Amino acid sequence: ASDVYKRQPDEGLATYREFAQKYDASPQAPEALQKVAELLRTAGEGLGRYGALNEEERAKWKTNIEGATSSAEELVKKYPDSPQVALALRTLLQIQRLLVGAELKKGPDVEAYFQGLADTAATPQAKSKILFALADYVKDESPAKALEIM
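Residues numbered from 1 in each chain as written. Predicted model: local features only at pLDDT ≥ 70, side-chain atom pairs only at ≥ 80, totals over all residues. Heavy atoms only, no water.

Participant: Got a sec to walk through the packing of helix H3 (residues 29–46) against helix H5 (residues 84–101)? Specific residues and values, please.
Facilitator: Contact geometry of H3 with H5 gives a least axis separation of 10 Å together with a crossing angle of 20°. Between H3 and H5, the angle is such that the two are roughly parallel. Crossing of H3 over H5 shows left-handed handedness. Mapping the contact onto sequence places Pro-30, Glu-31, Gln-34, Ala-37, Glu-38, Arg-41 and Glu-45 in H3 and Gln-84, Leu-87, Ala-88, Thr-91, Gln-94, Ile-95 and Leu-98 in H5. Partitioned by chemical class, the residues of the contact of H3 with H5 number 6 nonpolar, 4 polar and 4 charged. (Axes fitted to C-alpha atoms, helices over the stretch in contact; angles between N-to-C directions. Helix = DSSP H or I, 4+ residues; strand = E, 2+ residues; numbered from the N terminus. Parallel < 35°, antiparallel > 145°, perpendicular 65-115°, else oblique. Left-handed = near helix turned anticlockwise from the far one by under 90°. Contact = heavy atoms within 4.5 Å. Nonpolar A, V, L, I, M, F, W, Y, C, P; charged D, E, K, R; others polar.)

Quick look at the structure:
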């Protein structure tokens, strides 16, 4: 993102969202969705550790994380063959780890989440990328399970 978007994230966010909606057939639409997902994830994460936030900050954290998740999922579903899918999955993986760290999800929930995404993937290529993200998530806890998934 340019410096303008770093200084004015809400404005950048609105611009990327509008572009993705207005020009959804454009080859740049997946990139715009990824920018939205990353800006929101970063904004949520930038608020601090979920457990240390007050109620208002927690609500904002959740809104940012949910928005980031929604944008990344839209990219994966709508543009399954885009090179941006790998970045969206990385963002989703980071988000799922944040949710576990915030004690809003447990490991099995994350596995079920990625399995559900894989089960509804639009293309075999997208499905294998999603399963690779799932394998990345479980690899530390169970290398054998990660290999099995891949």
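Participant: Just give me the short version of the packing of helix H4 (residues 55–78) against H5, but keep the residues and values in it.
Facilitator: Between H4 and H5, the least distance of the axes is 9 Å, while the angle of their chain directions is 150°. In terms of orientation, H4 and H5 fall into the roughly antiparallel class. Remark: the crossing between H4 and H5 carries left-handed chirality. From H4, Trp-61, Ile-65, Ala-68, Thr-69, Ala-72, Glu-73, Leu-75 and Val-76 reach across to H5, where they touch Gln-84, Val-85, Ala-88, Leu-89, Leu-92, Ile-95, Leu-98 and Leu-99. Here the contact of H4 with H5 is built from residues that sort into 13 nonpolar, 2 polar and 1 charged.

Participant: Help me get a handle on the nonpolar core, residues and values and all.
Facilitator: Membership of the largest hydrophobic core comes to 40 residues, with the highest contact counts inside it found for Trp-61, Val-76, Leu-89, Leu-92, Phe-114 and Ile-130. Secondary structure elements with two or more residues in this core: helix H2 (9–22), H3, H4, H5, helix H6 (107–119) and helix H7 (124–138). (Core = buried A, V, L, I, M, F, W, Y, C linked by side-chain atoms within 4.5 Å. Buried < 20%, exposed > 50% of the residue type's maximum accessible area, 1.4 Å probe, protein only.)

Participant: Kindly report on the side chain of Asn-64, identifying the contributing residues and their values.
Facilitator: Here Asn-64 shows up in helix H4. The class of Asn-64 is buried, set by a relative accessible area of 10%. Non-local contacts of Asn-64, meaning those with residues more than four positions away in its chain, are made with Leu-40, Ala-43, Gly-44 and Leu-47.

Participant: Tell me about the pattern of salt bridges, and please be specific about residues and values.
Facilitator: This structure, assessed with the given rule, holds 6 salt bridges. Note that Lys-78 is salt-bridged to Asp-24, the shortest N-O span being 3.7 Å. Taken together, the residues Lys-78 in helix H4 and Asp-24 in the loop between H2 and H3 connect sequence positions 54 residues apart. The class of Lys-78 is partly exposed, set by a relative accessible area of 41%. A salt bridge links Arg-41 to Glu-45, with the shortest nitrogen-to-oxygen separation between them at 2.3 Å. Of this pair, Arg-41 and Glu-45 both sit in helix H3, separated by 4 residues, roughly a single helical turn. With relative accessibility at 39%, the residue Glu-45 sits in the partly exposed group. Through salt bridges with shared partners, a single network forms among Asp-24, Glu-74 and Lys-78. (Salt bridge = Lys/Arg side-chain N within 4 Å of Asp/Glu carboxyl O.)

Spatial relationships are all this shows, so hold off on functional conclusions.
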